[in-house]
Amino acid sequence: MPPAPRPASRSSDPSGEGPVETPALPTDPDDPRIEIRRSRRRTRTVSARVEGETVVVLMPAGLPRAEERRLVSDMLARLARSGRRRGARSSDSDLMRRATGLSERWLDGRARPESVRWVPTMTTRWASCSPGSRQIRISEALRDVPAYVLDYVLVHELVHLVVPGGHPPEFWEVVRRYPRAERAMGYLEAYSRVLRGGAGGSGGPGAADEALPGGDAGEGLGDLVEGDDDEDGCP
């Protein structure tokens, strides 16, 4: 018998239409929203992450069923504790609604993405846009930044659907319709330095050598800050 639905949490909607419902994380190890990924390369470590509305648990292959259930329960408890510390985590559908609201407010609704979703954290890239398929991907590394910074990154990626050809002057003119663009750029510069410091001086969004899932080059600090980009971040 499937577990009973969990109460949804509420998060703010930048379109001004009020709070949106965010499904709570599963708490039952048999919940269908849990995906177990087994690897023979893992011998001891177990980890879990949220991908959209699915909890992905990575563990060694070959464990007994009872041990798997115990480990899944442990990971769900850890995620719940982390969620209480960080507040409600937005899903892919929340991110899509957020982007749609930002497009309506700052871009006259001209940017119409096909999808906007979270992707696992990358060391050097924060976001990716595919104008052909109109898909936007946002790194999990941005889940904990202030709302205005996430909104700026979304606006930046949305503008790629309106102004083609990388980052010409007219691209930045449209980006700056978002009133907190300058402040968000400053935050990202500081955030990049903090992440690089924590990685021992190498890595952290801003270096230009890694792609986000989906095959796009992705965008790091140099692409998201005006005057600091050496290459087009959105093919």
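Thresholds applied
- Residues numbered from 1 in each chain as written.
- Predicted model: local features only at pLDDT ≥ 70, side-chain atom pairs only at ≥ 80, totals over all residues.
- Heavy atoms only, no water.
- Helix = DSSP H or I, 4+ residues; strand = E, 2+ residues; numbered from the N terminus.
- Expected span 1.5 Å × (residues − 1).
- Buried < 20%, exposed > 50% of the residue type's maximum accessible area, 1.4 Å probe, protein only.
- Pairing = 2+ DSSP bridges.
- Axes fitted to C-alpha atoms, helices over the stretch in contact; angles between N-to-C directions.
- Polar contact = N/O pair within 3.5 Å; in protein donor to acceptor, adjacent residues only side chain to side chain.
- Salt bridge = Lys/Arg side-chain N within 4 Å of Asp/Glu carboxyl O.

**Student:** Is there a simple way to explain helix H3 (residues 147–159) in this structure?
**Tutor:** Here H3 is 13 residues long and its end C-alpha atoms lie 18 Å apart, about the 18 Å a rise of 1.5 Å per residue gives. Burial analysis of H3 places 12 of its 13 residues in the buried class, which makes it a mostly covered element. All of the buried residues in H3 are Tyr-148, Val-149, Leu-150, Asp-151, Tyr-152, Val-153, Leu-154, Val-155, His-156, Glu-157, Leu-158 and Val-159.

**Student:** In this structure, what is going on with the sheet that holds strand E3 (residues 34–39)? I would like to understand it.
**Tutor:** Strand pairing within a sheet occurs via backbone hydrogen bonds; the two strands may be parallel or antiparallel. The strand order E3-E5-E4 describes an open sheet built from 3 strands, whose pairing is mixed. Two strands bound the open sheet, and with one partner strand each, they are E3 and strand E4 (47–51). Across the sheet, the axes of successive neighbouring strands diverge by a mean angle of 25°, strand direction being ignored. Bridge analysis of E3 against strand E5 (residues 54–60) gives 6 bridges, and the strand direction is parallel. Pairing of Ile-36 across the sheet is with Val-57, part of E5.

**Student:** I would appreciate a short explanation of the side chain of His-156 in the present structure.
**Tutor:** Mapped onto the elements, His-156 comes out in helix H3. Judged by relative accessible area, His-156 falls into the buried class, the value being 0%. A polar atom in the side chain of His-156 sits 3.3 Å from the side chain of His-167.

**Student:** Can you help me understand the pattern of salt bridges in this one?
**Tutor:** Opposite charge on two side chains permits pairing when their charged atoms draw close. Applying the stated rule across the entire model yields 13 salt bridges. In this structure, Asp-94 and Arg-97 form a salt bridge, with 2.5 Å as the shortest nitrogen-oxygen distance. Here the residue Asp-94 and the residue Arg-97 both occupy positions in helix H2 (residues 92–106), the gap between them amounting to 3 residues, near one helical turn. A relative accessible area of 33% places Arg-97 in the partly exposed class. As a salt-bridge pair, Asp-151 and Arg-98 come within 2.5 Å of each other at their nearest N and O atoms. Of the two residues, Asp-151 is situated in helix H3 and Arg-98 in helix H2; the sequence distance between them amounts to 53 residues. Note on accessibility: Asp-151 and Arg-98 belong to one class, buried. Here the salt bridges do not stand alone but share partners, grouping Asp-30, Arg-65 and Arg-69 into one network.

Honestly, that's just the spatial picture; any functional story needs more than this.
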